[in-house]
Amino acid sequence: VPARRLTDVVTDVCGIHAQVQSAAELQIWARVGGVTPEDVREALWEERRLVRTWAMRGTLHVLTAEDLPLYAAALGTIDRWKGVWLKYVGLTQAQFEALIEAIQQSLGARPITREQLAEKVAERVGPAAQERMRSGWGELLKPAAFRGSLISGPPRGQNVTFVRPDRWLGRWPRPDGDASVREVLRRYLHTFGPATHDDFARWWGVQPAPARRILRSMPEDEVAEVEVGDTTASALAADVPLLGKASPRGIVRLLPMFDHYVVGFRPREEIVEKRFAPRVFRKAAWISQTVLVDGRIAGIWAHEKAGRRIEVTVEPFARLAAATKKVIADEADRLGRFLGAPATVAYSA
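**Q** If you had to explain the nonpolar core to someone new, which residues and values would you point to?
**A** Across soluble globular proteins, you tend to see nonpolar side chains buried next to one another. Ranked by internal contacts, the top residues of the largest apolar core, which has 61 residues, are I103, L117, L150, W203 and W204. Dropping the residues within four chain positions of it, W204 is found in contact with M56, R57, Y71, A74, L75, I78, V181 and V184.

Below you can see the structure in the form of structure tokens.
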């Protein structure tokens, strides 16, 4: 789609996986024509149309500023910050609530580093908090983000920064949590469906039982059961007529690391042969850059800057047709324009 629809794309794919910032930028490149890395960064840090925060599965994502209150309200229904988790981190419920409140009150529209945030929190709840936030403070940032109290600010050199979202964005509607999680499921089914409640549980980051309850809470006329092979799955009723007509034939794409299509697609056997899956879904939850042909993963690829060129190396899982290689070359050219250097393509076994 054209660059003016950048934020529409982020909404349509239910957020962009952003554990690695460069991979997030490339996910947008894969879907938006004529976009540059600077366009993405400006939308994040200057125009504030996009935000970066912990979201699905407790992983960093880029969301639109407009969608952030919806996702925060839905994430706030996930009841994981208690019991065994509190015992693991060595906090009582009262101490945890005090720390989360202190994080929110310490943040504003002006970005501050993690060190500055730790100091401000310590001023509010005591010096012990500063040591805790320096050593294991990610454990507190995620629940603060889930409650809509914290998002990333623009990087300051090598340092990350944080801001309070309602101050940074200047607006903060408060949608109902249960209605919000149903809307997230509605969007998930539109993007990734047909899907089972287990599929949604893995994507959203909850156990199967609450995912099943969320699915069952949807209005009956909105969701339809469909057969996918031997599996009964759910889809939005309005989408069912379109599903049978959809065809990815003739479409070739180079997708970056952690691409949301690859991360969110279930069952994975539908997009990659089992014998090749370890080359895509690697150790330590690392997900390779993939070559997508007709909706399925046909290989992996890598790129690096060598002098004034971008060298793209493709490892196909099977022999690729000449027409497919031509489109890969076109994709590489587009990648080169995005990264500001001409690209070449080589193939390896």
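**Q** Hey, could you go over the sheet that holds strand 11 (residues 296–306) for me, with residue numbers and the actual values?
**A** Strand order in the open sheet formed by five strands is 9-10-11-12-13, and the pairing between neighbours is mixed. With one partner strand each, in any of the chains shown, strand 9 (252–255) and strand 13 (343–347) form the two edges of the open sheet. Neighbour-to-neighbour, the strand axes of this sheet turn through a mean angle of 25°, independent of strand direction.

**Q** Break down the packing of aromatic side chains for me, with residues and values.
**A** Tallying each qualifying case throughout the model produces 15 aromatic pairs. Between Y188 and F192, the ring centres sit 5.3 Å apart and the planes meet at 35°, which makes this aromatic pair tilted. You can see Y188 and its partner F192 sitting in helix 11 (residues 177–192), four residues apart, about one turn around the helix. Across this residue pair, the class does not change: Y188 and F192 are buried. Relative to F265, the ring of Y261 has its centre 5.5 Å away and its plane inclined at 55°; by these criteria the two rings are tilted.

**Q** A description of the packing of helix 11 against helix 12 (residues 197–204) should follow, citing residues and the corresponding values.
**A** Relative orientation of the contacting elements helix 11 and helix 12 amounts to 110°, with a least axis distance of 11 Å. The orientation of helix 11 relative to helix 12 falls into the category roughly perpendicular. On helix 12, the residues touching V181, V184, L185, Y188 and F192 of helix 11 are D199, F200, W203 and W204. Classifying every residue of the contact of helix 11 with helix 12 gives eight nonpolar, no polar and one charged.

**Q** Please provide a residue-by-residue account of helix 12, values included.
**A** The element helix 12 is extensively covered by neighbouring structure, given that six of its eight residues are classed as buried. Three or more residues of helix 12 are buried, namely H197, D199, F200, A201, W203 and W204. Looking at the buried positions of helix 12, the neighbouring elements they touch are helix 4 (68–75), helix 11, helix 13 (208–216) and helix 15 (260–264). Of the residues flanking the end of helix 12, it is G205, one or two places downstream, whose phi is positive at about 95°.

**Q** Hey, could you go over the side chain of H61 for me, with residue numbers and the actual values?
**A** Here H61 shows up in strand 3 (residues 60–64). Residue H61 is classed as buried on the basis of its relative accessible area of 0%. Within the local environment of H61, its side chain forms a polar contact with the backbone oxygen of T59, the two atoms lying 2.9 Å apart. Among all residues touching H61, those that are not within four sequence positions of it are G15, I16, H17, A18, V51, R52, T53, A55, M56 and H260.

**Q** So what's going on with the pattern of salt bridges? Residues and values would help.
**A** Here the idea is simple: oppositely charged side chains can pair when their charged atoms come close. Tallied over the entire structure, the rule returns 18 salt bridges. Among the salt bridges present, the one from D8 reaches R5, with a minimum N-O distance of 3.3 Å. Its relative accessible area of 28% is what places R5 among the partly exposed residues. R41 serves as the salt-bridge partner of E25, at 2.8 Å between the closest nitrogen and oxygen. In this pair, E25 sits in helix 2 (residues 21–29) while R41 sits in helix 3 (residues 37–46), placing the two residues 16 residues apart along the sequence. For R41, a relative accessible area of 36% gives the class partly exposed. Connected through shared salt-bridge partners, D67, E183, R186, R187 and E222 make up one network.

**Q** I'd like a rundown of the pairing of strand 6 (residues 159–163), residues and numbers included.
**A** With two bridges joining them, strand 4 (residues 112–113) and strand 6 adopt antiparallel strand pairing. From the neighbouring strand, I112 faces strand 6, where its bridge partner is F162. Inspection of the sheet shows strand 5 (residues 151–156) paired to strand 6 by four bridges, in the antiparallel sense. Bridge assignment links S152 to a residue of strand 6, and that residue is F162. The antiparallel pairing of strand 5 with strand 6 creates a hairpin that spans two residues between the two strands, and G157 there sits at a positive phi of about 65°.

Criteria and thresholds
- Sequence order as written defines residue numbering, which begins from 1 separately in each chain.
- Given that the model is predicted, a residue must reach a pLDDT of at least 70 before its local features are reported, and side-chain atom pairs must reach 80 or more before they are shown or counted; all residues, however, enter totals for whole chains, interfaces and linings.
- Side-chain metrics in this entry use all non-hydrogen atoms of the structure; hydrogen atoms and water are not considered.
- Here, nonpolar core means buried Ala, Val, Leu, Ile, Met, Phe, Trp, Tyr and Cys residues that are tied together by side-chain atoms lying within 4.5 Å of each other.
- Relative accessibility thresholds used throughout: buried, under 20% of the residue-type maximum; exposed, over 50%; partly exposed, between the two (1.4 Å probe, protein chains only).
- Any two residues having at least one pair of non-hydrogen atoms within 4.5 Å are treated as being in contact.
- Here, a strand pair is defined by DSSP locating no fewer than two bridges between the strands.
- Segments assigned H or I by DSSP are reported as helices when at least four residues long, segments assigned E as strands when at least two residues long, and all are numbered from the N terminus.
- Inter-axis angles, ranging from 0 to 180 degrees, are taken between N-to-C directions of lines fitted to C-alpha atoms, where helices are fitted over the stretch in contact.
- Centres within 6.5 Å are what make two rings of Phe, Tyr or Trp a pair, Trp counting through its six-membered ring; a difference in plane orientation under 30 degrees is then read as stacked, over 60 as edge-to-face, and the rest as tilted.
- Orientation labels follow simple angle bins: below 35 degrees gives roughly parallel, above 145 gives roughly antiparallel, 65 to 115 gives roughly perpendicular, and whatever is left gives oblique.
- Under the scheme applied, nonpolar residues are Ala, Val, Leu, Ile, Met, Phe, Trp, Tyr, Cys and Pro; charged residues are Asp, Glu, Lys and Arg; polar residues are all the others, including Gly.
- Any pair of nitrogen or oxygen atoms within 3.5 Å is treated as a polar contact; in protein, a donor-acceptor pairing is required on top of that, and neighbouring residues in sequence qualify only through side-chain atoms on both sides.
- Throughout this description, the term salt bridge denotes a Lys or Arg side-chain nitrogen within 4 Å of a carboxyl oxygen of Asp or Glu.

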